[in-house]
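Listed below, chain by chain, are the residues.
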Amino acid sequence: MASEAEGELSARYQKALDALSSLITKRSLFVNNNQSHRFHLLFHYLKVLELEEVVSELKIIHVAGTKGKGSTCTFSESILRGYGLRTGLFTSPHLIDVRERFRLNGIEISQEKFVDYFWCCFHKLKEKTSNEIPMPTYFCFLALLAFKIFATEQVDVVILEVGLGGRYDATNVIQKPVVCGVTSLGYDHMEILGHTLAEIAAEKAGIFKSGVPAFTVPQPDEAMRILDEKASKLDVKLQVVEPLDSSQRLGLQGEHQYLNASLAVALCSTFLQKIGIIEDKNDTNDGLPERVISGLSNAYLMGRAMIVPDSELPEEIVFYLDGAHSPESMEACATWFSQQVKERNQKISEQILLFNCMTVRDPSLLLPRLRTKCIDQGVEFKNAVFVPNMSVYNQVGGSWSKFEQRVDDSTTWQLGLKSIWDNIARGEAKTKSRSDSKEEEKSLVFSSLPLAVDWLRDSARRKSKQVRFQVLVTGSLHLVGDLLRLVKKRNV
């Protein structure tokens, strides 16, 4: 009976995923349509779902930014859970399963609850659709679903990560968060947010609400000026935090995480004060309460600075996963990987890059940053491997077999990535003397990720366990999720 019930639940879940996929619109449609109109439809959707009042009563921490949003939200959730609060965390994107976006007390929502909440919202909205008021788009629906889940589950705090931008993001339908945060700003999604840091900062500052305190990290002058201006107009007290001391142990690796962690500490401290919880009196030498220290050290976020041994050859192949996809995050990723290489070289090792990025990114900005930063720290790649993502735009979760059936045979984009990489390598070779040059590196293109992993495994077997491959997988969170599926490390 149990297996029959599980099969029925699995079928209902897949049906929900199929319905969710039907809400996806291509990015180009989003850009060309009126963002303001789409945003204001959210208030109608809230009314249909009878969520207007309950959403206004939720206690929310709202976080925008270019990079570090997910990490900051994860640190914040971990800290507040340590204070005994029932937490709701909404982040994006997911790597393997859409339920990763909805976490209750640090655990992704169950299939059963997801299905029940999904159809409750989907059917109510479907009944009220018309030519003037269509169904919400994919991310808008997920944001509405998050509000439904967290309100019904009666969480004490919602940590809400902005999906894209801020001003017109679906999460910005909230009217009065407890506190807001803006992580590091940089150039990303410029086709939507603008081509200057000032324009991008203005979109991110759209989450500021009158009188609601806000925190940010040190920003480029152009961006900081706009954040200050927007805060001043709304009577927002905007404070800038500095990185935590590097002696503090963090659950998320990388030097850049000390800045994200510091922002999370500021957000949580303000939140706790606002709801009347006094922080621990028993401070440590660095001034952080014990429960804050515990929350920072126990934070976990899949796909960020993550180390996963291969399931078939764990001693010979180790994957270093980081979903970096902006120029700045590429440098942070390179720094983290280089440090790991230096710390973990207990046997002869070769470093290999496994890369893909989405076509909306500019690889001529990403690949040089990654390569130069690694070389500056003494790490050079033996091979660079370029593959398509296995996941396609309308795949939001589900079985591995479906993923295998949807592998894209086109490698035009990947050949372009290879060309950029090869041009960088040739440029570097001209500046080196023949005596300085090492054995020539090789770059390869495979038509699928499984073929690339097979090549890695075959190469490792030929080395007869004498060499360990340290494989950096980066450029896209989709690629990181695909790799995790492929090496069967779902529950790492």
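Positions within a chain are numbered from 1, following the residues in the order the chain's sequence is written. Whole-chain, interface and lining totals are the exception, using all residues; otherwise, since this is a predicted model, local features are given only for residues with pLDDT of at least 70 and side-chain atom pairs are given and counted only at 80 or more. As a convention, hydrogens and water are excluded, and side-chain values are obtained from all of the structure's heavy atoms.

Within an unreviewed UniProt entry, the label attached to the protein reads Folylpolyglutamate synthase, and the organism entered is Raphanus sativus. According to UniProt, the comment filed for the protein under the heading Sequence similarities (unreviewed entry) is "Belongs to the folylpolyglutamate synthase family." Check the Pathway (unreviewed entry) section of the UniProt entry for the protein; it says "Cofactor biosynthesis; tetrahydrofolylpolyglutamate biosynthesis." UniProt positions are given in the numbering used here, feature names are shortened, and annotations may be inferred rather than shown by experiment.

*Asks:* Sorry if this is basic, but what is going on with unusual backbone geometry here?
*Replies:* With the exception of glycine, most residues fall at negative phi, and the peptide bonds are largely trans. A cis amide bond links Ser92 to the next residue, Pro93, at an omega of -5°. Under the DSSP-based scheme used, a helix requires at least four consecutive residues in state H or I and a strand at least two consecutive residues in state E, with every element numbered from the N terminus. If you trace the backbone, Pro93 turns up in the loop between strand E2 (87–90) and strand E3 (102–104). A positive phi angle is found at Gln154, which is not glycine, with a value near 55°. Of note, Gln154 is situated in the loop between helix H7 (138–152) and strand E5 (157–161). Here the phi dihedral of Ala305 falls at roughly 45°; this positive angle occurs in a residue that is not glycine. Secondary-structure assignment places Ala305 in the loop between helix H12 (290–298) and strand E9 (306–309).

*Asks:* Would you take a moment to explain the pattern of salt bridges for this structure?
*Replies:* Where side chains of opposite charge bring their charged atoms close, a pairing between them can arise. Whenever a carboxyl oxygen of Asp or Glu lies within 4 Å of a side-chain nitrogen of Lys or Arg, that contact is scored as a salt bridge. Taken as a whole, this structure holds 19 salt bridges when the rule is applied. The partner of Arg461 in a salt bridge is Asp458, and the shortest N-O contact between them spans 3.5 Å. A residue pair is termed a helical-turn pair when its members lie 3 or 4 positions apart in one helix, as Arg461 and Asp458 do in helix H17 (residues 449–462) at three residues. Residue Asp482 pairs with Arg485 through a salt bridge whose shortest N-O separation is 3.4 Å.

*Asks:* Whenever I open this one, the sheet that holds E9 confuses me. Can you help?
*Replies:* Within a beta sheet, neighbouring strands are joined by backbone hydrogen bonds and run either parallel or antiparallel to one another. In space, the six strands of this open sheet follow the order E9-E10-E14-E11-E12-E13, with mixed pairing throughout. At either margin of the open sheet sits one strand with a lone partner, and together these are E9 and strand E13 (442–445). When the angles between neighbouring strand axes are averaged without regard to direction, this sheet yields 20°. The pairing of strand E12 (residues 381–386) with E13 spans four bridges and is parallel. Within E13, the position partnered with Ala384 by the bridge is Ser443. Contacting strand E11 (349–355), E12 and strand E14 (468–474), helix H14 (residues 363–376) runs over the sheet at an angle of about 165° to E11. Here a strand pair is declared whenever DSSP counts at least two bridges between the two strands. Angular values range over 0 to 180 degrees, each being the angle between N-to-C directions of two axes fitted as lines to C-alpha atoms, with helices fitted over their stretch in contact. Contacts between residues were defined by any pair of non-hydrogen atoms, one from each residue, lying within 4.5 Å.

*Asks:* I'm lost on the pairing of strand E10 (residues 317–321) in this one. Help?
*Replies:* Note on strand geometry: in a regular strand, side chains alternate between the two faces of the sheet. Only protein chains enter the accessibility calculation, which uses a 1.4 Å probe. A residue is then buried if its area is under 20% of the maximum for its type, exposed if over 50%, and partly exposed in between. Counting buried residues in E10 gives five out of five residues, a clear majority hidden from the surface. By the alternation rule, side chains of E10 split into Ile317, Phe319 and Leu321 and Val318 and Tyr320, which are all buried. Where E10 lies against E14, five bridges are found, and the strand directions are parallel. Paired with Ile317 across the strands is Phe469, a residue of E14.

*Asks:* Please explain H17 as it appears in this structure.
*Replies:* Residues three or four positions apart in an α-helix share a direction because the helix packs 3.6 residues into each turn. Take the number of residues in a helix, subtract one, and multiply by 1.5 Å to get its expected span. The terminal C-alpha atoms of H17, which comprises 14 residues, lie 20 Å apart, in line with the 20 Å expected from a rise of 1.5 Å per residue. Taken together, the buried positions of H17 are Leu449, Ala452, Val453, Trp455, Leu456, Arg457, Ser459 and Ala460. Each element contacted by the buried residues of H17 is listed here: E10, E11, E12, E13, E14 and helix H18 (477–486). With a side-chain oxygen lying 3.3 Å from the backbone nitrogen of Leu451, the N-terminal cap of H17 falls on Ser448. Where H17 ends, the next residue or the one after it, Ser464, has phi of about 55°, a positive value. For this analysis, a polar contact is any N or O atom pair within 3.5 Å, provided that within protein one partner can donate a hydrogen and the other can accept it, and provided that sequence-adjacent residues contribute only side-chain to side-chain pairs.

*Asks:* How do you make sense of the packing of helix H6 (residues 111–127) against H7 when you look at a structure like this?
*Replies:* The geometry of a pair of packed helices is captured by two quantities: the angle between their axes and the separation between those axes. Across the interface, H6 lies against H7 with an axial gap of 10 Å and an inter-helix angle of 120°. Here H7 runs oblique to H6, going by the angle between their axes. The chirality of how H6 crosses H7 is right-handed. Mapping the contact onto sequence places Phe114, Tyr117, Phe118, Cys120, Cys121, Phe122 and Leu125 in H6 and Phe141, Leu144, Leu145, Lys148, Ile149 and Thr152 in H7. Considering only residue class, the contact of H6 with H7 consists of 11 nonpolar, one polar and one charged. For this classification, under 35 degrees means roughly parallel, over 145 means roughly antiparallel, 65 to 115 means roughly perpendicular, and everything else is oblique. In a left-handed crossing the near helix is turned counterclockwise from the far helix by less than a right angle, and in a right-handed crossing that turn is clockwise. Three classes are used, and their members are as follows: Ala, Val, Leu, Ile, Met, Phe, Trp, Tyr, Cys and Pro are nonpolar, Asp, Glu, Lys and Arg are charged, and the others, Gly among them, are polar.

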